[in-house]
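These are the residues of each chain, in order.
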Amino acid sequence: MSSAAGSVEWVHLTGDERVLWAGTPSTYPALPAVAVGFVLCIAGVWLSRLGSLPGPSWLPLVSVPVGLCIGSWAYLTRWSTRYVFTTKAVYEKTGLFSRTVTQVRFDRVQNTTFDQSTVERLLSYGDIAVYTAGTGGVNLALRDVPDPKRVNALVTTCLSNVAGSTTDPPAADEQLSV
């Protein structure tokens, strides 16, 4: 089992299943919201100290908890999302207070794609879509995955192993951990 297995206690592995990659969404997309939250906090404190604004002097301080909520929500939604690729399946866990775990076994996967905008390519993150048999669309969409080209290549290797009915896991140099 890889060193990433310690952070995936919510995944129940079968006897011969092992973790190949575990990660969270990139924090880059959350940075604008965190910055807005920070600016709202600073502006609220600064405006309340001016004292020359019309209305109660505490009114600008209302922007402080609003800013904290915006920045915290952007960060916590990323922190509470986990992705795991094992030798047999893809897992996604979401939820801050409740938990939703989606599992797609490789023997059900028909195709995968990854998508990156220009900014995402510069910051090395993107989206991976997993298409399964018997559905008309994407069954699992993993957003803002770090290094999606490499992670998608790992999935492709696992799919090749399933298609070839081999039980050989990817070589050690193909394993990733975050």
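As shown above, the structure is provided for reference.
Residues numbered from 1 in each chain as written. Predicted model: local features only at pLDDT ≥ 70, side-chain atom pairs only at ≥ 80, totals over all residues. Heavy atoms only, no water.

### Topic: the nonpolar core
Residues Trp 21, Phe 85, Phe 106, Leu 142 and Val 145 are the most contacted members of the largest nonpolar core, which totals 18 residues. Listing elements by their share of this core, those giving two or more residues are strand E1 (19–23), strand E2 (82–86), strand E6 (125–132), strand E7 (138–146) and helix H4 (148–163). In terms of residues, this core owes the most to one element, H4, which gives five residues. In terms of nonpolar packing, the next biggest core, distinct from the first, is built from eight residues, Trp 10, Val 11, Ala 89 and Tyr 91 among them. (Core = buried A, V, L, I, M, F, W, Y, C linked by side-chain atoms within 4.5 Å. Buried < 20%, exposed > 50% of the residue type's maximum accessible area, 1.4 Å probe, protein only. Helix = DSSP H or I, 4+ residues; strand = E, 2+ residues; numbered from the N terminus.)

### Examining helix H1 (residues 31–50)
Counted at 1.5 Å a residue, the expected span for H1 with its 20 residues is 28 Å, and the 28 Å between its end C-alpha atoms agrees. Taken residue by residue, H1 has Gly 37, Cys 41, Gly 44 and Ser 48 as its buried positions. Each buried residue of H1 lies within a common arc of 65° when the element is viewed along its axis, so the set occupies one face. Among the exposed residues of H1, those pointing more than 90 degrees away from its buried face are Pro 32, Phe 38, Val 39, Trp 46 and Arg 49. Where H1 is buried, its residues touch helix H2 (63–79). Of the residues one or two after H1, Gly 51 is the one with positive phi, at around 75°. (Expected span 1.5 Å × (residues − 1). Arc of directions from axis to C-beta. Contact = heavy atoms within 4.5 Å.)

### A closer look at the sheet that holds E1
Sheet architecture is open: four strands sit in the order E1-E2-E3-E4, paired in antiparallel fashion. Where the open sheet ends on each side, the last strands, each with one partner, are E1 and strand E4 (100–105). Within the sheet, the average angular offset between the axes of one strand and its neighbour, ignoring direction, is 10°. Inspection of the sheet shows E1 paired to E2 by four bridges, in the antiparallel sense. Within E2, the residue paired with Ala 22 across the bridge is Val 84. (Pairing = 2+ DSSP bridges. Axes fitted to C-alpha atoms, helices over the stretch in contact; angles between N-to-C directions.)

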